[in-house]
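What follows is each chain in one-letter form.
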Amino acid sequence: KAIRIIVPATPGGGTDILSRLLGPKLTENLGQSMIIENRAGASTNIGTEFVARSAPDGYTVLMATTPHAINPSLFTKLSFDPVRDFTPLTMVSTSPSILVAHPSLKANNLSELLALARAQPGKLNFAIGGLGSSLHLAGDAFKMKGQVFIVNIPYRGTAPAIADVLAGQVELMFTNIGNAQGHIKAGRLKALGVTSATRLPAFPDVPAIAEALPGFESSAWFGLFGPARMDAALAQKISQAARQALLLPAVRRRIEAEGAQVVGSSAADFERFVAQDVLRWRDVVRYAGAKPE
């Protein structure tokens, strides 16, 4: 029977696009058809829970993203554990975000922004496209590391949030590279820093925030999991098929065109990363006092 990739998000988003990109390549590598099944809702918890309760026979896998590690701290009651109830297969890619500002902001780099925020606590604002999202918590991680007070202005979605930054109603925003790069090139937004550990090839003149705040890193990630207790040989087979697909130049180009970086980690490395990421986001959620929408 066909293997189902469960996407815990709506069609058309980044998780869905990535799953549909990999699906045909996994079909070729495994010799079995793949079905992409969207089970959105509750900040990815509905689809994630479905996979946690599925049989560990290799016919149901999850394309998870950063909320997999955030939600245990964000939601008081979850019916699954993000580490214990899943078999990590591979991290597919990471997607750094970028800190942008309206051109009128009287800060042209991270040092000037931090100085301005410290001199005027509570005067600057972050547009937040989704409460509890990785982009929201990137802003709170920035405030925690930088020891500054910047007010969060929540919106129902990225589009209205970035529209208000473009209009100058709100000064600052963390957003996906794809949403910002056209506005940056046109001069409608200025880029202050990227959330990856080092600078990005697409924006070599934009510093990593870690250059001003050592240790800062906040990239969204995408990865494949099976249910817990999968047979080791079966898990290795699916992991290897996915990692081979990520080596294909056409796949890499498509992922990189979205501002993401291909990873293709081993299952063991992915397992260690997820365990650490759960702890990292727990500290940020506690600092932020974030609550799910």
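Residues numbered from 1 in each chain as written. Predicted model: local features only at pLDDT ≥ 70, side-chain atom pairs only at ≥ 80, totals over all residues. Heavy atoms only, no water.

**Comments concerning the side chain of Ser196**
As a reminder, the rule being used: Only DSSP runs of H or I reaching four residues or more are called helices, and only runs of E reaching two or more are called strands; each is numbered from the N terminus. Classification of residues uses two cut-offs on accessible area relative to the type maximum, computed with a 1.4 Å probe and protein chains only: under 20% is buried, over 50% is exposed, and between them is partly exposed. Side-chain atoms alone can form a polar contact between residues adjacent in sequence; in general such a contact is a pair of N or O atoms within 3.5 Å, and within protein one must be able to donate a hydrogen while the other accepts it. Here, residues are in contact when the closest pair of their heavy atoms is within 4.5 Å.
Along the chain, the position of Ser196 falls in the loop between strand S8 (190–194) and strand S9 (219–227). Ser196 sits in the buried class, given a relative accessible area of 5%. Engagement of the side chain of Ser196 in a polar contact is seen with the backbone oxygen of Thr198, the distance being 2.6 Å. Sequence-distant contacts of Ser196, defined by excluding residues within four places in its chain, comprise Pro96, Ala208, Glu217 and Ser219.

**Points about helix H10 (residues 267–288)**
Filter applied, for reference: Multiplying 1.5 Å by the helix residue count minus one yields the expected span of that helix.
For H10, with 22 residues, the first-to-last C-alpha span of 31 Å sits near the 32 Å given by 1.5 Å per residue. Taken together, the buried residues of H10 touch helix H3 (67–74), strand S4 (86–101), helix H5 (134–146) and S9. Downstream of H10 by one or two residues, Gly289 has phi in the positive range, about 65°.

**Description of unusual backbone geometry**
Phi angles above zero are rare outside glycine, and Ala42 is one such case at about 55°. Positionally, Ala42 belongs in the loop between strand S2 (34–38) and helix H2 (45–52). Phi is positive for Thr44, which is not a glycine, with a value near 80°. Along the chain, Thr44 falls in the loop between S2 and H2. With relative accessibility at 13%, the residue Thr44 sits in the buried group.

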